[in-house]
Amino acid sequence: MLRLTSDHFPVFVPFGVIGFYRYLWYLIRIAASLTYRPVPLPENPTYIAEEDVTIIVPTIDAGEEFKEAAHSWLVGKPKEILIITEEKMLGPLQELANAVDPERIRVLTVPFANKRLQMSHGIKNTTTDIIVFADDDAIWPPTLLPYVLACFEDQKVGGVGTSQRVQPVGDRMTVWEVLAAFRLSIRNIEIASSTHIDGGLPCLSGRTAAYRTVILKDPEFLHGFTHDYWLGKYQLNSGDDKFLTRWMVSHGWSTYVQVCKEAELLSTMKPNWRFLKQVLRWTRNTWRSDLRSLFMERYIWTAHPYVAYTMVDKLFNPFTLLAGPVLVAVVVYKSTKPVEDGGFHLPWWNVVVSYIVWLFATRTAKLLPHLWYRPQDIIHVPAFILFGYYFSVMKIYALLTLHETGWGTRSGIGDARAATAAADSSAGGGAYVEKLPDTPSYPAQQYAQQPYAPQPQQQQQYYQQPPVEMQTGYAR
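For the structure given in this document, a descriptive report is provided here.

Conventions we followed
- Residues numbered from 1 in each chain as written.
- Predicted model: local features only at pLDDT ≥ 70, side-chain atom pairs only at ≥ 80, totals over all residues.
- Heavy atoms only, no water.
- Buried < 20%, exposed > 50% of the residue type's maximum accessible area, 1.4 Å probe, protein only.
- Helix = DSSP H or I, 4+ residues; strand = E, 2+ residues; numbered from the N terminus.
- Contact = heavy atoms within 4.5 Å.
- Salt bridge = Lys/Arg side-chain N within 4 Å of Asp/Glu carboxyl O.
- Core = buried A, V, L, I, M, F, W, Y, C linked by side-chain atoms within 4.5 Å.
- Pairing = 2+ DSSP bridges.
- Axes fitted to C-alpha atoms, helices over the stretch in contact; angles between N-to-C directions.
- Arc of directions from axis to C-beta.
- Patch = residues over 30% accessible without salt bridge, like charges linked within 9 Å, V, L, I, M, F, W, Y side chains within 5 Å.
- Areas by Shrake-Rupley, 256 points an atom, 1.4 Å probe, with all protein chains shown as cover.

For the rest of this paragraph, the subject is helix α3 (residues 64-75). For α3, the complete set of buried residues consists of F66, A69, A70, S72, W73 and L74. Of the surrounding elements, those touching the buried residues of α3 are β1 (53-58), β2 (80-86), α4 (90-100), β3 (105-110) and β4 (130-134). Looking one or two residues past α3, K77 carries a phi angle of roughly 60°, positive in sign.

Here we come to the pattern of salt bridges. Counted according to the given criterion, the structure contains nine salt bridges. Residue R292 is joined to D228 by a salt bridge in which the shortest nitrogen-to-oxygen separation is 3.0 Å. Highlighted residues: R292 in helix α11 (residues 275-297) and D228 in the loop between α9 (219-226) and β8 (229-230), separated in sequence by 64 residues. Residue R292 shares its accessibility class with D228, and that shared class is buried.

A separate point is the nonpolar core. Membership of the largest hydrophobic core comes to 70 residues, with the highest contact counts inside it found for I55, W73, F133, W140, F152, L216 and F221. Looking at this core, the element that brings in the most residues is helix α6 (residues 144-151), giving six residues. Excluding its chain neighbours within four sequence positions, the residues that come into contact with W140 are I55, S72, W73, V132, A134, L145, T208 and L265. Of all hydrophobic cores here, the second largest spans 45 residues; its members include V178, L236, M269 and V279.

Right, let's talk about the sheet that holds strand β5 (residues 157-162) for a bit. Strand order in the open sheet formed by seven strands is β3-β2-β1-β4-β7-β5-β10, and the pairing between neighbours is mixed. With one partner strand each, in any of the chains shown, β3 and β10 (254-258) form the two edges of the open sheet. Between one strand and the next, the sheet's axes are offset by a mean angle of 20°, whatever the strand orientation. Relative to β2, β1 is paired through five bridges, and the arrangement is parallel. Among the inter-strand pairings, I55 is bridged to a residue of β2, identified as I81. Taken strand by strand, helix α5 (residues 115-124) contacts β1, β2, β3 and β4, and its axis lies near 155° from that of β1.

Listed as buried for α4 are L93, L96, A97 and V100. Down the axis of α4, the sector holding all buried residues measures 100°, keeping them to one side. Of the surrounding elements, those touching the buried residues of α4 are α3, β2 and β3.

What follows concerns a nonpolar patch on the surface. Where nonpolar side chains cluster on the molecular surface, the patch consists of F20, L24, I28 and I197 and spans about 350 Å² of accessible area. Of the residues forming the nonpolar patch, the biggest block, three residues, is contributed by helix α1 (residues 13-35). Relative to the helices and strands, I28 is located in helix α1.

Purely spatial values, then, with no claim about function.
Here is the structure:
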C-alpha cells in the first residue's frame, strides 16, 4: 500500500507507516514467544498439591459442565475444592458436589451473588499455602497443577497463569466460538512474549490463576478487593483478575505464565451473539485497569516497561485500525475525480481490491499459529476481519461507558454496592473482610527473605476459621 500510484505519493504514506509499525511489533512478539520457555518441573518440589493447594470456584449457575471440570481438577489431587455460591443455590450445587466428590469438595455460601465477595469468602476459608481460582467450566489437563506449582519455587513469584484454548459447547464450533479461539491464540502469543521480554503481563486471566495465600489473606487486600470503585463511585464486581494482577505489580511480586500444552486449560465461550456482550465487559475492564496502571498507580512503567508499552499501544489501536478504511474511502473518492481536478488516475476498484487482498493476507498471517492446528477455521477469516472493525468501534463505545459496571451476560447478579453493604452489615457493621485476624502485609522482597510462618497460636487463629453460617459463591 506504500505506492499504488505516482500521482500523489504522500497520501499513501500513512498506510505504510501504520502497517510497518504494527507488523514489526507483531514479528517481535512472535520471535519472543518462540524464544519463551515454560518453567520445568523441579526434581524435589516445595509445594505438593495434596498438601498445599485449595481450588476456589465462585459460581451461581454451574451445570453439568461443572462435573467434567471438577473431575479434571481432582486429577491433580488438590487438598480441597471450595465452591462459593449464593444461598439460594446451595442445594443444587451441593448435589453436584456430592455427585463428584463430597469429601474433597465443600460448598459455602454468601447472601448475594457477587463474585468478589464470594472469592474473598473462599480466601478466608482456605487453609493451604496456594490458592487457585478457577471458572466453573475450566477443564484442566492432568499436569496443570504441577506445572503451575513449579513457578512458585521462585519465592518472588506471587501469581501464576496458564495458556488457554476454546472448548466448543456443541459438536462443532460456531463462528462466535471460532472468533474467541482466534483471540485466545493471539493472547497466548502475547502473554508468552511479554513474560519472556520483561517478566510481566497485562492480566492473569481469571479462568484459572494461582496465588500465594499469604498475599490474599492480607486484610488490606481483602478490603480493597471488595471495595473497589471506578472514579470513587462506581463499585466494580467483574475485573477481579485485573485487580489481582495490579496488586502483584504494586506490591513487588513477580508473575509468570505457563504457556505449554501441559498447563493449557479448555474453557467454553458463549456460542452465540452474547459473546459480544462478554467482549464488551472485558473491554471495559481492560480500559479501567490499563488507565489505572498507566496513569494512576504507575508501577507498571518501572516494573514492566514492555507491558506498559503494550497498554499504551492498545489505547491507540482502535483509532489506527479505523484509519485504514477511512484512508481507503478518501482514495476511492479521489479516484472518481478527473486527474486535472486533483483526482488519481488509478481506478477506484484497484484500490479496493488491493486493500482487501492486503487485509486477507495480513490477517491470515496473524492467525497462522491457530490455523496450523485448525486449518478448517480459515473460512472464518472474513468474519475475523469484520469483527476487528466492530471491536474497534466497541472499544471506543466502551471507553465512553466505563461507568457501566454490570455483568452483562449473567442474570441474578445484583448491584455490587448493595451486596457489599449487606455483607458488611452481616459482619457486625464493620468491613466484611475485617473479621480476619491481623496478618502482616508482606511485600515480595520481605517474603523472599523471610517467608511468612504463623506462630502456633496465630496459625490456629489464622488458618482454622470457626464455622461460618453466612455461606457461599459464584463464577465467570
